[in-house]
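Remarks on the overall topology
Listed below, chain by chain, are the residues.
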Amino acid sequence: MIIDEKLYYGKQDLAGEIGHMTVSPDGPPCSCGNFGCLEALASGTSIAKKGEQLLIQEQSEVLLELAGKNSVTAEMVFEAVRLGDQACFSIIQQTCRYLGIGLANIIQIFNPDAIILGGGIMNNQSKLLIPLIENEMNQRLFKIHRGHLDLKLAALSGQSGLWGAWHLAKNFPSRAERNSSCHI
């Protein structure tokens, strides 16, 4: 998170872990130990897991043909959507629903100028995902927020994390220079 043109670290240098925001308390377990985190519901890994469930339940012949004897990947689910598979499209709609919920929460709390979306799935499938995410997000926002936020695709594609880590290592401020508290 960038606040007033400065990277916001938080008290324990852990700010910005939006993937671990709970968006469905009764949702699936997350790698962090919580349940229903955004990451557990709206990531490439979660899309692949939901695709595997479709195969177990025999609900997608297209996905079965694409996967063969291999494990389902998120890319296979998107390919099945491209080929007209409605069950796989439902997975994508559900994923975008959770992303829209999470982003609406962030917008209502922080009222940012922009949100930048990135990652392999987003970079490769943004034309399908962003309109679905925006639709869900806008249903949950105050009217004043709708249409006044830039939802952007990360410019550095798959290298965003690498460049961010390099910049952080090169410019990491001392504890005194970092914002050490947030009062709400």
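For the structure, check the block above.
For the structure given in this document, a descriptive report is provided here. What you are looking at is a predicted structure, and each value in this text was computed from that prediction instead of being measured.

Moving on, we come to the side chain of Ser126. Checked against the element boundaries, Ser126 lands in helix α6 (residues 120-140). Look at Ser126 and you get buried, because its relative accessible area is 15%.

A volume near 2100 Å³ is recorded for the largest pocket. Lining the largest pocket are 49 residues, and of these Met1, Gly16, Ile18, Ile115 and Ile116 lie nearest its centre. Among the elements of the structure, β1 (2-3), α1 (38-41), α2 (44-56), α5 (86-110), β3 (114-117), α6 and α7 (160-171) are those that each provide at least two residues to the lining of the largest pocket. Per-element tally for the lining of the largest pocket: the top contributor is α7, with six residues. Here the lining of the largest pocket is built from residues that sort into 29 nonpolar, 14 polar and six charged.

It is worth spelling out unusual backbone geometry at this point. Positive phi, normally seen in glycine, also occurs at Asp4, with a value near 50°. Along the chain, Asp4 turns up in the loop between β1 and β2 (6-7). Positive phi values are uncommon outside glycine, yet Asp13 reaches one of about 60°.

As a further point, take the environment of Ser43. Structurally, Ser43 is set in the loop between α1 and α2. By relative accessible area, Ser43 is classed as buried at 19%. Between the C-alpha atoms of Ser43 and Gly27, which are 16 residues apart in sequence, the distance is 14 Å. A polar contact of 2.8 Å, which involves the side chain of Ser43, links it to the backbone oxygen of Glu39.

Here we come to the packing of helix α4 (residues 74-82) against α6. The geometry of a pair of packed helices is captured by two quantities: the angle between their axes and the separation between those axes. The interhelical angle for the contact between α4 and α6, taken along N-to-C directions, is 25°, at an axis separation of 12 Å. By the angle between their axes, α4 is roughly parallel relative to α6. The way α4 lies across α6 gives a crossing that is left-handed. Every residue of α6 that contacts α4 at Ala74, Glu75, Phe78 and Val81 is listed here: Ile121, Gln125, Leu128 and Leu129. Per-class residue counts for the contact of α4 with α6 are six nonpolar, one polar and one charged.

Before going further, it helps to spend a moment on the packing of aromatic side chains. Summed over the entire model, instances satisfying the criterion amount to one aromatic pair. Summarising the aromatic geometry, the rings of Trp163 and Trp166 are spaced 5.7 Å apart at their centres and angled 80° between planes, so their arrangement reads as edge-to-face. Here Trp163 pairs with Trp166, and both are found in helix α7, just three residues apart, close to one helical turn. The cationic tip of Arg97 hangs over the ring face of Tyr98; the distance from NZ or CZ to the ring centre is 6.0 Å.

Ranked by size, the top nonpolar core spans 39 residues in total, and within it Leu63, Ile92 and Ile133 carry the most contacts. For this core, the secondary-structure elements that each account for two or more residues are α1, α2, α3 (61-67), α4, α5, β3 and α6. The element contributing the most residues to this core is α5, with 11 residues. Not counting residues within four places of it along the chain, the set of residues in contact with Leu63 comprises Gly51, Leu54, Leu55, Val72, Met76, Val77, Ala80, Asp85 and Cys88.

The next subject is the pattern of salt bridges. Applying the stated rule across the entire model yields two salt bridges. Between Arg82 and Glu79 there is a salt bridge, with the nearest N and O atoms lying 2.6 Å from each other. In this pair, Arg82 and Glu79 both sit in helix α4, three residues apart, roughly one turn of the helix. When its relative accessible area of 60% is taken as the criterion, Arg82 is described as exposed. Classification of Glu79 as partly exposed rests on a relative accessible area of 26%. Residues Arg140 and Glu136 are paired through a salt bridge, measuring 2.7 Å at the closest nitrogen-oxygen approach. With Arg140 and Glu136 both in helix α6 and four residues apart, the pair spans about one turn of that helix. A relative accessible area of 12% places Glu136 in the buried class.

Rules used throughout
Residues numbered from 1 in each chain as written. Predicted model: local features only at pLDDT ≥ 70, side-chain atom pairs only at ≥ 80, totals over all residues. Heavy atoms only, no water. Helix = DSSP H or I, 4+ residues; strand = E, 2+ residues; numbered from the N terminus. Buried < 20%, exposed > 50% of the residue type's maximum accessible area, 1.4 Å probe, protein only. 1 Å grid on protein atoms, 1.4 Å probe; cavity = no way out; pocket = protein on both sides within 12 Å on 5 of 7 lines; lining within 4 Å. Points joined across faces, edges and corners; volume = space filled by probe spheres on them. Nonpolar A, V, L, I, M, F, W, Y, C, P; charged D, E, K, R; others polar. Polar contact = N/O pair within 3.5 Å; in protein donor to acceptor, adjacent residues only side chain to side chain. Axes fitted to C-alpha atoms, helices over the stretch in contact; angles between N-to-C directions. Parallel < 35°, antiparallel > 145°, perpendicular 65-115°, else oblique. Left-handed = near helix turned anticlockwise from the far one by under 90°. Contact = heavy atoms within 4.5 Å. Phe/Tyr/Trp six-rings, centres within 6.5 Å; stacked < 30°, edge-to-face > 60°. Lys NZ or Arg CZ within 6 Å of the ring centre and 35° of its normal. Core = buried A, V, L, I, M, F, W, Y, C linked by side-chain atoms within 4.5 Å. Salt bridge = Lys/Arg side-chain N within 4 Å of Asp/Glu carboxyl O.

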